[in-house]
Amino acid sequence: MVLSKTASESDVSVHSTFASRYVRTSLPRFKMPENSIPKEAAYQIINDELMLDGNPRLNLASFVTTWMEPECDKLIMAAINKNYVDMDEYPVTTELQANLFHAPLGDGEAAVGVGTVGSSEAIMLAGLAFKRNWQNKMRTLGKSTEKPNIVTGANVQVCWEKFARYFEVELKEVKLREGYYVMDPVKAVEMVDENTICVAAILGSTLNGEFEDVKLLNDLLVEKNKQTGWDTPIHVDAASGGFIAPFLYPELEWDFRLPLVKSINVSGHKYGLVYAGIGWCVWRSKEDLPEELIFHINYLGADQPTFTLNFSKGSSQVIAQYYQLIRLGFEGYKNVMENCQENAMVLKEGLEKTGRFNIVSKDDGVPLVAFSLKDSSSHTEFEVSDLLRRFGWIVPAYTMPPDAQHITVLRVVIREDFSRTLAERLVNDIEKVMHELDTLPARVTAKLTGSQEMTCENNGKVVKKTAIEVQREITAAWKKFVLNRKKTNGVC
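These numbers come from a predicted model, not from an experiment.

### Examining the overall build of the protein chain
Along the backbone of the protein chain there are 13 helices and 15 strands. Buried positions account for 48% of the 492 residues belonging to the protein chain. Pairs at least 24 apart in sequence give 70% of the contacts found in the protein chain among residues at least 6 apart. Summed over all atoms, the accessible surface of the protein chain reaches about 25100 Å², with 53% contributed by carbon and sulfur.

Dropping the structure here:
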């Protein structure tokens, strides 16, 4: 009598997941598999792939929140299956932010704002409102609505370029210059014409964390509007700075205290201290959001106004934002932001003590440290960034936008979960990287620089490579050199 089965015929529930046939073959990558697999195997396969991801908390390139309290994690999971369609359920989040940004609300007047999946969607919606208001005004005056434009700095985030391209608005960029990496208000106002739907100011540049001078921009634009009869407004992109300025710099005038500021966007998933997937756009008053852009639906049981680029989305992040606002309060947010700023100073001072770096960021602004090598003749910031990955750190290196593209910087974003101990550890690891770079012969980079900066033939035409192309080729060749040394004598 046969009392056993072969491994392939026995009950899969008694198998070790790693001993099952489901992990012995590769899964299709570009099409759905023909057959089902056990839930344990599916979980393990995906979990194994996720192990290859970097540690989010050591990703110092990102502004996005990577830690929340366990109690909030529970609320998020409890609401993971809820659709955030009924926006009347959590109107208090918009009300709290409108008051935080000094919206001039009268007694009993409700704030005007929407929850979005992030600042990108918020900027799209704000831009659409400005464009429609401008079109309505120009039609009333009997003028053309063919060539709208928006004025902003060359340090603008990609989402503004997306808005301009998607919704056919010319993007006028104020160029940067060495030592001044934000929009110059004087130059911005000079570029304004009657087709300008708004001037976009950034409260917290992603390049160096600096706040643009919204107060000066407002004052200059008020004068130009008086001279020309225009009423060009301002939008403040406070994706990073909107949850920082009210707590660290309460006297700074950048929000609805300035008469020309008509709308503000802020990322809840940055210094709003919520996981990725939540942003907000708040308008000064109902008049600044054209009624024709708002859709009214009633098939959910009651009249529901909606102004978003999508309809359905999860409610977890909205609930998480509500949790943070009532859990932390003004005092809690202030403490978190002060701690971030203090840790940024610890990192900055540690880097300065090495004597190897120039600090590009400002002390006031978003808590981050942007820095560049004092001497990049032998090695580049890209090489420093690459070597730091060996210690687990993800520190980006990038070139500045025009006309400061010859400047290369490294940037460390200080988030809530970046402790002083981590700041000190990062400085130590950077010093190790610099010491290791010093042991590598400078001639490797020197030779590459000399050869790669030379012009190259392209169909008989001489073309000079850009600085970024040269730097990338130097970094790639340098990495190859290091790997070869590792194979031969174990160095690094």
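After that view, the rundown keeps rolling.
### Considering the sheet that holds strand E10 (residues 357–359)
Ordered in space as E10-E11-E13-E12, the four strands form an open sheet in which the pairing is antiparallel. The sheet is open, and its two borders are formed by E10 and strand E12 (397–399), each paired with just one other strand. Pairwise comparison of adjacent strand axes, ignoring direction, gives a mean angle of 40° for this sheet. Relative to strand E13 (residues 408–413), strand E11 (residues 368–373) runs antiparallel, the two being bridged by four bridges.

### Some details on the UniProt feature "modified residue: N6-(pyridoxal phosphate)lysine" (unreviewed entry) in the protein chain
UniProt records the feature "modified residue: N6-(pyridoxal phosphate)lysine" (unreviewed entry) for Lys270 in the present numbering. Inspection of the secondary structure puts Lys270 in the loop between strand E6 (261–267) and strand E7 (279–283). Taking relative accessible area as the criterion, Lys270 reaches 11% and is therefore assigned buried. Non-local contacts of Lys270, meaning those with residues more than four positions away in its chain, are made with Phe63, Thr65, Gln157, Ala239 and Ser240.

### Some words on the environment of Trp67
Inspection of the secondary structure puts Trp67 in the loop between helix H1 (39–50) and helix H2 (70–78). Distance from Trp67 to Arg415, taken between C-alpha atoms, is 9.2 Å for residues 348 residues apart in sequence.

### What to know about the sheet that holds strand E1 (residues 112–116)
Whenever strands of a sheet pair, they do so through backbone hydrogen bonds, lying parallel or antiparallel. Taken in spatial order, the seven strands of this open sheet run E1-E7-E6-E5-E4-E2-E3, and their pairing is mixed. The strands lining the two open edges of the sheet, one partner per strand, are E1 and strand E3 (170–174). Looking at each pair of strands side by side, their axes are set apart by 20° on average, direction ignored. Here five bridges tie E1 to E7, and the two strands are oriented antiparallel to one another. Its bridge partner being in E7, Gly115 is matched across the sheet by Trp280. Set on the sheet, helix H4 (residues 119–140) makes contact with E1, strand E4 (196–202), strand E5 (234–237), E6 and E7; between it and E6 the angle comes to about 165°. Relative to the sheet, helix H5 (residues 158–166) contacts strand E2 (149–153), E3, E4 and E5, its axis offset from that of E3 by approximately 145°.

Rules of the game
Residues numbered from 1 in each chain as written. Predicted model: local features only at pLDDT ≥ 70, side-chain atom pairs only at ≥ 80, totals over all residues. Heavy atoms only, no water. Helix = DSSP H or I, 4+ residues; strand = E, 2+ residues; numbered from the N terminus. Buried < 20%, exposed > 50% of the residue type's maximum accessible area, 1.4 Å probe, protein only. Contact = heavy atoms within 4.5 Å. Areas by Shrake-Rupley, 256 points an atom, 1.4 Å probe, with all protein chains shown as cover. Pairing = 2+ DSSP bridges. Axes fitted to C-alpha atoms, helices over the stretch in contact; angles between N-to-C directions. UniProt positions renumbered as here; feature names shortened; annotations may be inferred.

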